[in-house]
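Observations on chain architecture
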Amino acid sequence: MDFFSPDFWSALLAIVVIDLVLAGDNAIVIGLAARNLPKAQQKKVIVWGTVGAIAIRSLLTLAVVWLLMIPGLLLLGGLLLIWIAYKLLVEKKEHGNVAAGASLWVAIQTIMIADTVMGLDNVLAIAGAAHGEFLLVLLGLLVSVPIVIWGSTVILKWVERYPSIMYIGAGVLAWTSSKMIVDEPFLKGFFAENPLLKWGLSLAVIAGVLLCGRLKNRRNEELEKSL
């Protein structure tokens, strides 16, 4: 992928958006794991816990980028990412099982383990957006990691105040999933010959995810009001 091409920069932007939209979970995990420590140690937990979690996530992402080169897995990953995009809109995540650390190292360890388990969907999304380019994964992390470390709580407040941010993130995930599907080696030739179908699929996936997510959330709101 050409460094100066629109595809490169659009993929990099998608990776950064995915990282930032899902950063709210990092803030919650960090806060829960560090809540019992003295304030002087909490800053160290925030930095080292996040750095450790991002390091593990980077290795997992690079592994998934390689796995997606296997025929058929790009299509499977794209279909799975559609479901992940939908879940981002409708699922209320529980973090009550994240224990508070009794010491600096225990808190850091808790953050790394919890973030790795919770970040598997993030890993797949970034790997799909990278399209096999390891440089994109690394650049995306370099841009977003400092923001995640020092601004995760701010991002979380933005998401709570402006729920539409989640719809933007879900739209980016849906767009990434459609690109993964059309880039599947045994489908790529078909979509290359039918560019209208390629763009039609992208629009259908994005609209489908956002509409289904919105309808589901509206039903949940009506159900909560009736209780």
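Data block above holds the structure.
Fair warning: this is a prediction, and the values are worked out from it, not measured in the lab. (Residues numbered from 1 in each chain as written. Predicted model: local features only at pLDDT ≥ 70, side-chain atom pairs only at ≥ 80, totals over all residues. Heavy atoms only, no water.)

If you tally the helices and strands in the protein, you get ten helices and zero strands. For the protein, the α and β elements follow one another from N to C terminus as α-α-α-α-α-α-α-α-α-α. Within the protein, buried positions represent 43% of all 227 residues. Intrachain contacts of the protein at a sequence separation of at least 6 include 86% that bridge at least 24 residues. For the protein, the exposed surface amounts to about 12500 Å²; the carbon and sulfur share of it is 71%. (Helix = DSSP H or I, 4+ residues; strand = E, 2+ residues; numbered from the N terminus. Buried < 20%, exposed > 50% of the residue type's maximum accessible area, 1.4 Å probe, protein only. Contact = heavy atoms within 4.5 Å. Areas by Shrake-Rupley, 256 points an atom, 1.4 Å probe, with all protein chains shown as cover.)

With 32 residues, helix 10 (residues 195-226) ought to run about 46 Å at 1.5 Å a step, and its terminal C-alpha atoms sit 47 Å apart, in line with that. Buried within helix 10 are the following residues: Ser 202, Val 205, Val 209, Gly 213 and Asn 217. Where helix 10 is buried, its residues meet helix 4 (73-90) and helix 8 (164-182). (Expected span 1.5 Å × (residues − 1).)

Time to look at the nonpolar core. The biggest cluster of nonpolar side chains holds 34 residues, and the ones touching the most others in it are Ile 18, Leu 81, Leu 136, Leu 173 and Val 209. The set of elements that each furnish at least two residues to this core consists of helix 1 (6-21), helix 3 (39-67), helix 4, helix 6 (120-130), helix 7 (134-161), helix 8 and helix 10. Ranked by the residues each element gives to this core, the list is headed by helix 4, at eight residues. What Val 209 contacts, discounting residues up to four positions off in sequence, is Ile 82, Ala 85, Tyr 86, Leu 89, Ala 170 and Ala 174. (Core = buried A, V, L, I, M, F, W, Y, C linked by side-chain atoms within 4.5 Å.)

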